[in-house]
Amino acid sequence: MLGEHLAQALTPLNVLLALGGVAAGTIIGSIPGLTATMAVAVLVPLTFTMDPASALILLGAIYTGAIYGGAYSAILLNTPGTPSAIGTTFDGYPMAKCGDGNLAVTVACLGSVVGGLVGAFFLLTLSPPLSEVALAFGPVEYFWLAIFGLSLIAALSEGALAKGLMGASLGLLLSCVGVAEISADVRLTFGSQTMIGGIEVVSALIGLYCIPVLIDLVATPDRHLKVESEQRGFRLSEAIPIMWREKINVVRSSVIGTVVGILPGAGGSVAGLVAYAEARRAARQGQKYGTGEPGGVIATESANNATVGGGLIPTLVLGIPGTPPDAIILGALLVQGVRTGPQLFESQGSIVYTFIYGLFLATLLMLPVGLLVGRYAYKTVVTLPKALLVPSVAFMTIIGSYAIRNSVSDVIIMISLGAVGWVLARFGIAASPIVLGIILGPIAEQGFVQAWTIGSATGDLAGMFFGRPISLAIILFTLFTLFLPLLQARIRARRMPNAE
């Protein structure tokens, strides 16, 4: 029976749809501001007249390609194409600055393929039991998960913790602008109608990461990226040994991405950040994350692509979308007459299993498509004169910011935040802690307020925040992540005199 579903996924039409979907998603995802959600939403009307399995394969391929496509601009322009690629900028852009941009793109592609395959494997084999994990997560678990993500600030701000905390505080304040999600209070708008809608996350990302790069490009005579004297192609011969060396990292990050993807509302950005924090915590001696370490790119890219399969688990089994693109895919399922639920794998197994095998196919096709598109993207960015590169990127940032909510306000906020980010960078305050605060602030606030309300109603606040097993595990893990580097530094300091 499974062989029959595999054969259905491999029909010429489905292979063409998977190939076209991955290519379209990769290109759309590479443009700053055009997220995976937007890519799936724009193209979903094309699927209404298709066979249900073919339609889902096309949407899954677009989703997979868009998540990976975000890595291009993250690596080559220091601007995450999608929020899922935030962590890719930490090491991808430093690699590109040193002339290893093509190696970073290849490593990102390999990591994305492995992560996508792991996520699809869990979707195929463990959907019902893993969906119960999503149900076990309540508001307080989301709160502690956001705190765990914020603990990454300590790792990102090594040697400048105070400045990192200042940046994170600014990000948390910015996340509070507009109407509160729980109480509907209007906050920090200073009477401006423009600010009532709050600060849109993707616009903030584009502004904080991309505008400072554009300002520096205009202000300095140097080239954007180091130009290699000789073309070294895809550099697969270097990337494959790196992947083998980072095999534990890629497996761990893929599992993290799958599990985080299962949690509704968490998404690829949280998965990438958590995986990056774990990769950094487990780094071997000599590995310097944040300065161009390929392991950082692998961790983020394998995790965010694993969320594709992970997010589809609660979508198919429970009817609860794990990520925003899953919500659109869920809508497409309903249009096609597919009813999600625990019985889906039995009642409409033909459609579901053909779709899952199609997702495997799309993930595998991402390897040639991603390498080819990445090679030309790298070559274009490296060789394009500044006089063309700067206006082109500036145009894309404006279009991307405007397209999210069709709002000029988002463009103004994007440019303003970019100017503020450039000034703060002069004083040593990086964009990453600010972005972490903006992304994780709403998750932490919503989880905290809901947990506080439930705890107050039941008269057991302490038990609500500190008495649940999953919460305790996340708290202990956060403390472990925070204090392990300090412990390791102290142990190394004690050993050094003995060695002398």
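About the cut-offs
- Residues numbered from 1 in each chain as written.
- Predicted model: local features only at pLDDT ≥ 70, side-chain atom pairs only at ≥ 80, totals over all residues.
- Heavy atoms only, no water.
- Helix = DSSP H or I, 4+ residues; strand = E, 2+ residues; numbered from the N terminus.
- Buried < 20%, exposed > 50% of the residue type's maximum accessible area, 1.4 Å probe, protein only.
- Contact = heavy atoms within 4.5 Å.
- Salt bridge = Lys/Arg side-chain N within 4 Å of Asp/Glu carboxyl O.
- Phe/Tyr/Trp six-rings, centres within 6.5 Å; stacked < 30°, edge-to-face > 60°.
- Lys NZ or Arg CZ within 6 Å of the ring centre and 35° of its normal.
- Axes fitted to C-alpha atoms, helices over the stretch in contact; angles between N-to-C directions.
- Left-handed = near helix turned anticlockwise from the far one by under 90°.
- Nonpolar A, V, L, I, M, F, W, Y, C, P; charged D, E, K, R; others polar.

- Going by the annotation in an unreviewed UniProt entry, the name recorded for the protein is Tricarboxylic transport membrane protein, with Amorphus orientalis given as the source organism.

### Points about the side chain of Thr89
Argument step 1. Along the chain, the position of Thr89 falls in helix α5 (residues 86-97).
Argument step 2. Look at Thr89 and you get buried, because its relative accessible area is 4%.
Argument step 3. Among residues more than four places away in sequence, those in contact with Thr89 are Ala74, Asn78, Thr79, Pro80, Pro94 and Tyr209.

### Quick look at the pattern of salt bridges
Argument step 1. A full pass over the atoms with the stated rule returns 3 salt bridges.
Argument step 2. Measuring nitrogen to oxygen at the nearest pair gives 2.7 Å for the salt bridge that ties Glu141 to Arg468. A residue pair is termed long-range when its members are at least 10 positions apart, and Glu141 in helix α8 (residues 139-150) and Arg468 in the loop between α22 (461-466) and α23 (469-499) qualify at 327 residues.
Argument step 3. On the basis of relative accessibility, which here comes to 29%, the residue Arg468 falls in the partly exposed class.
Argument step 4. Residue Glu445 pairs with Arg187 through a salt bridge whose shortest N-O separation is 2.7 Å. On the criterion of sequence distance, the pair formed by Glu445 in helix α21 (residues 431-458) and Arg187 in strand β2 (residues 186-187) is long-range, its members being 258 residues apart.

### Observations concerning the packing of aromatic side chains
Argument step 1. Per the stated rule, a full pass over the model turns up 11 aromatic pairs.
Argument step 2. In textbook terms, an aromatic cluster arises when at least three aromatic residues are bridged by ring pairs, as seen for Phe143, Trp144, Phe448, Trp452, Phe465 and Phe466.
Argument step 3. When the ring centre of Trp244 is taken as reference, the NZ or CZ atom of Lys247 above it lies at 4.6 Å.

### Here we look at the packing of α5 against helix α15 (residues 294-317)
Argument step 1. In the contact formed by α5 and α15, the axes pass within 8 Å of each other and the chain directions differ by 145 degrees. Of the two possible hands of crossing, α5 and α15 adopt the one that is left-handed. For the pair formed by α5 and α15, the contact residues are Gly87, Thr88, Asp91, Gly92 and Met95 on the first element and Pro294, Gly296, Val297, Thr300 and Glu301 on the second.
Argument step 2. The residue makeup of the contact of α5 with α15, split by class, is 3 nonpolar, 5 polar and 2 charged.

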